[in-house]
Amino acid sequence: MLHTTRLILKAGVTGLPSRGQASLAAKMVQYRKMRKPTKPQNWTVDYRERYIPFSKEQLVNTLLKEFHSSSHTERVSFLAFVSQVDSSLLHHYHSVLEQLKALYEPINPDRDTLQEYSFADAERLKKEQEVLDRLEPLLDQANFNSLSEDTLAYALVVNHPYDEVQVSVNLDQYEYMRFWALGQRFGPLRVMTTLQAQRGFFGTSPRIPSDRHYFKRVLVAARTKKAHLVLKCFKDIPLEGLEQLLPAVKVRTSILYRALLNSMLIVSGLAVFVNVGMVVLSDLKIGTASLLLFFAAFMTFRAWKVFGQRRNVHALELVHMLYYRSTSNNSELLASLILRAQEEHAKEVILAYSFLQQLHHLQKDTDSKTVERLKQDVQEWLHLHCGLDMDFCAERACKHLKELGVGVQPPNS
């Protein structure tokens, strides 16, 4: 048990969880024992990209040119179907938004109307869970992936060598924490803020950002004890930086920077002692013990100041990073999530309509083979146009197409 606690402390996470976080702590210990893990276990299985990286307008224009431009009639028919989709989804998602706002309003921490509700902590927790349960199908329709416990444990333990800002997370402070993400990418991601120096640690040119896994959008739902639910969405967040999005984190200095700062302090301290201390010993006749005591106190104070300044700089960098990469939070996040779910819903239906029309199955019942063919064709088309491996929800798209009364039926289960 003592060994487990030490491993968690080394990972920058203090304390042991008390409510449902024991398995997370155990997985963190496993990652700490691994030698330089580069991604969470079972990552390719746990995370399947479903987000369609086109705006609806881009998708409609591209499909119009490729599949619906042979005649004026076909073009008009396709655009009429798109309008039908828009009008149908608008009413549905407006109703969903109103229901969600009514459910969230009593626990909204940003409420600017008169306060009519006062909940005990247990009752507030129950209300928050109801909101999160209602968000689940919306997040799924918006093609967010719920990040697994393995992924969270990896993010809490592993620090990318390019990241100078690191934080400590005390799991005991949280009632729960959930992460959802979409738009996984692998490539260079500049995480430096405007506060960082334009030159490196020793005056050299700054490093070129290395390739790494990151997400176009990350949604966080977290609650510290005796507090309230925090809903936030961020953009361009690295996989190893998820813990920086949590509330109630503490900035810490990385091991590399501590080693560099300590080395510089020791070298400069020895230089001062040799050049100044020896003169003081010989000229002022001060005792060796007194001089050493004064020198130790001076170096301790200097180290405290240097580390404090470095920690303050990193804290300010973290604040600026969160400021520039935050896209929405709390009640505003609900509205943006509804819009995203509505758009992803429309894009899936439009893709299914176009490709089923090419397969001449638009007015026929779709069996499992047709749905699988639709899934494969759409995924190949998306890979061709955006270079990404996607997981298209063909069965869901057929179901939604049937709900619009187009004539397509989902396969029999």
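Residues numbered from 1 in each chain as written. Predicted model: local features only at pLDDT ≥ 70, side-chain atom pairs only at ≥ 80, totals over all residues. Heavy atoms only, no water.

**Considerations on the overall build of the protein chain**
Part 1 of the argument: On a plain count of helices and strands, the protein chain comes out with 12 helices and 7 strands.
Part 2 of the argument: Across the 413 residues in the protein chain, those meeting the buried criterion constitute 45%.
Part 3 of the argument: Taking as baseline every contact in the protein chain between residues at least 6 positions apart, the subset at least 24 positions apart corresponds to 79%.
Part 4 of the argument: In the form shown here, the protein chain has an accessible surface area of approximately 21,900 Å², with 56% of it arising from carbon and sulfur atoms. (Helix = DSSP H or I, 4+ residues; strand = E, 2+ residues; numbered from the N terminus. Buried < 20%, exposed > 50% of the residue type's maximum accessible area, 1.4 Å probe, protein only. Contact = heavy atoms within 4.5 Å. Areas by Shrake-Rupley, 256 points an atom, 1.4 Å probe, with all protein chains shown as cover.)

**Description of the environment of Ala227**
Part 1 of the argument: Inspection of the secondary structure assignment puts Ala227 in the loop between strand 4 (211-224) and strand 5 (230-238).
Part 2 of the argument: For Ala227 and Asp121, which are 106 residues apart along the polypeptide, the C-alpha to C-alpha distance reads 8.3 Å.
Part 3 of the argument: Among residues more than four places away in sequence, those in contact with Ala227 are Asp121 and Arg124.

**Examining helix 4 (residues 56-67)**
For an α-helix, the turn length of 3.6 residues means that residues three or four places apart are oriented alike.
Part 1 of the argument: Taking 1.5 Å per residue, 12 residues should reach 16 Å; helix 4 reaches 16 Å between its end C-alpha atoms and fits that length.
Part 2 of the argument: Buried within helix 4 are the following residues: Lys56, Leu59, Val60, Leu63, Leu64 and Phe67. Down the axis of helix 4, the buried set is contained in an arc of 130°. They therefore lie on one face.
Part 3 of the argument: Close packing links the buried residues of helix 4 with helix 5 (72-104), helix 10 (330-358) and helix 11 (368-386). (Expected span 1.5 Å × (residues − 1). Arc of directions from axis to C-beta.)

**A few points about the nonpolar core**
Part 1 of the argument: Of all hydrophobic cores here, the largest spans 61 residues; its most connected members are Leu63, Leu135, Leu231, Leu351, Leu374 and Trp381.
Part 2 of the argument: A per-element tally of this core places helix 10 first, with 13 residues.
Part 3 of the argument: With residues near it in sequence (within four places) discarded, Leu374 still touches Ala352, Phe355, Leu356, Leu359, Phe392, Ala394 and Cys398. (Core = buried A, V, L, I, M, F, W, Y, C linked by side-chain atoms within 4.5 Å.)

**Regarding the environment of Lys36**
Part 1 of the argument: Note that Lys36 resides in the loop between helix 2 (22-33) and helix 3 (43-46).
Part 2 of the argument: Along the chain, Lys36 and Val158 lie 122 residues apart, while their C-alpha atoms are 8.1 Å from each other.

**Description of the sheet that holds strand 3 (residues 174-188)**
Part 1 of the argument: The 5 strands are arranged 1-3-4-5-7 in an open sheet whose pairing can be described as antiparallel. Strands at the two margins of the open sheet, each flanked by one partner only, are strand 1 (145-146) and strand 7 (326-329).
Part 2 of the argument: Here helix 10 sits on the sheet and contacts strand 3, strand 4, strand 5 and strand 7; the angle it forms with strand 7, its principal contact strand, is near 105°. (Pairing = 2+ DSSP bridges. Axes fitted to C-alpha atoms, helices over the stretch in contact; angles between N-to-C directions.)

**Observations concerning the packing of helix 5 against helix 6 (residues 121-141)**
Part 1 of the argument: Where helix 5 meets helix 6, the closest approach of the two axes is 10 Å, and the angle between their N-to-C directions is 155°. Put simply, helix 5 runs roughly antiparallel to helix 6. Between helix 5 and helix 6 lies a crossing whose hand is left-handed. Contacts between helix 5 and helix 6 involve Tyr93, Val96, Gln99, Leu100, Leu103 and Tyr104 on the former and, on the latter, Glu130, Val131, Arg134, Leu135, Leu138 and Gln141.
Part 2 of the argument: For the contact of helix 5 with helix 6, the residue count by class is 8 nonpolar, 2 polar and 2 charged. (Parallel < 35°, antiparallel > 145°, perpendicular 65-115°, else oblique. Left-handed = near helix turned anticlockwise from the far one by under 90°. Nonpolar A, V, L, I, M, F, W, Y, C, P; charged D, E, K, R; others polar.)

Take it as geometry only, folks, not as evidence of what the structure does.
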